[in-house]
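Coordinates in review
Chain residues, written in single-letter form:
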Amino acid sequence: MTIRTGREEIQPFSSERNLHVVAVTACATGVAHTYMAAEQLEKLARQYRFAIKIETQGVLGLKNKITSEDIFAAELTIIASDITIDNPLRFDGCRILNVCINSLLLKPGEVIGAMRKSLNLPRGNVIDL
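Residues numbered from 1 in each chain as written. Predicted model: local features only at pLDDT ≥ 70, side-chain atom pairs only at ≥ 80, totals over all residues. Heavy atoms only, no water.

Two elements in contact, helix 1 (residues 32-48) and helix 4 (residues 108-119), have axes separated by 12 Å at closest approach and are oriented at 65 degrees. The way helix 1 lies across helix 4 gives a crossing that is right-handed. Touching Gln40, Leu44 and Tyr48 of helix 1 are Pro108, Ile112 and Arg116, all from helix 4. Each residue belonging to the contact of helix 1 with helix 4 can be placed in one class, and the counts come to four nonpolar, one polar and one charged. (Axes fitted to C-alpha atoms, helices over the stretch in contact; angles between N-to-C directions. Helix = DSSP H or I, 4+ residues; strand = E, 2+ residues; numbered from the N terminus. Left-handed = near helix turned anticlockwise from the far one by under 90°. Contact = heavy atoms within 4.5 Å. Nonpolar A, V, L, I, M, F, W, Y, C, P; charged D, E, K, R; others polar.)

Structural data, given as structure tokens:
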């Protein structure tokens, strides 16, 4: 299955890889964009076939907390936020993709491209999109 986004074709992640991702979403007001970003990541996970656990830091508080076991099992951490998230040091040593929420919502193909790029880097690297 190939997915077309504009002019480019993007292949789903290989099912043999069993890609595991953790993500945190947060916005300045902690309302709509926090949860819209989480929904977009869930949609991308279904579309591109990767497993994801998403922690939201919003007006409803911290939901679906990412554990140290989740972090250990993850190959990539996505921080979709326009603010500093709670307890960012727990992700030290992880591959991290920092993305602003608008980019995630408006340019998901670029986010998938950055995910692919980051997976080729050693752990501890950070990509800012």
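Below, the discussion takes up the nonpolar core. Val21, Phe50, Leu76, Ile78, Leu97, Leu104 and Met115 are the most contacted members of the largest nonpolar core, which totals 25 residues. With six residues, the single largest contributor to this core is helix 1. Contacts of leucine 97, omitting those with residues within four sequence positions, involve Leu76, Thr77, Ile78, Ile79, Val111, Ala114, Met115, Ile127 and Leu129. (Core = buried A, V, L, I, M, F, W, Y, C linked by side-chain atoms within 4.5 Å. Buried < 20%, exposed > 50% of the residue type's maximum accessible area, 1.4 Å probe, protein only.)

What follows is about unusual backbone geometry. In the Ramachandran plot, arginine 49 falls in the positive-phi region, its phi being about 60 degrees despite a non-glycine side chain. Locating arginine 49 in the fold gives a position in the loop between helix 1 and strand 4 (51-58). Arginine 49 sits in the partly exposed class, given a relative accessible area of 43%. Phi is positive for asparagine 87, which is not a glycine, with a value near 55 degrees. If you trace the backbone, asparagine 87 turns up in the loop between strand 6 (76-81) and strand 7 (96-99). According to the relative accessible area criterion, asparagine 87 is partly exposed, its value standing at 45%.

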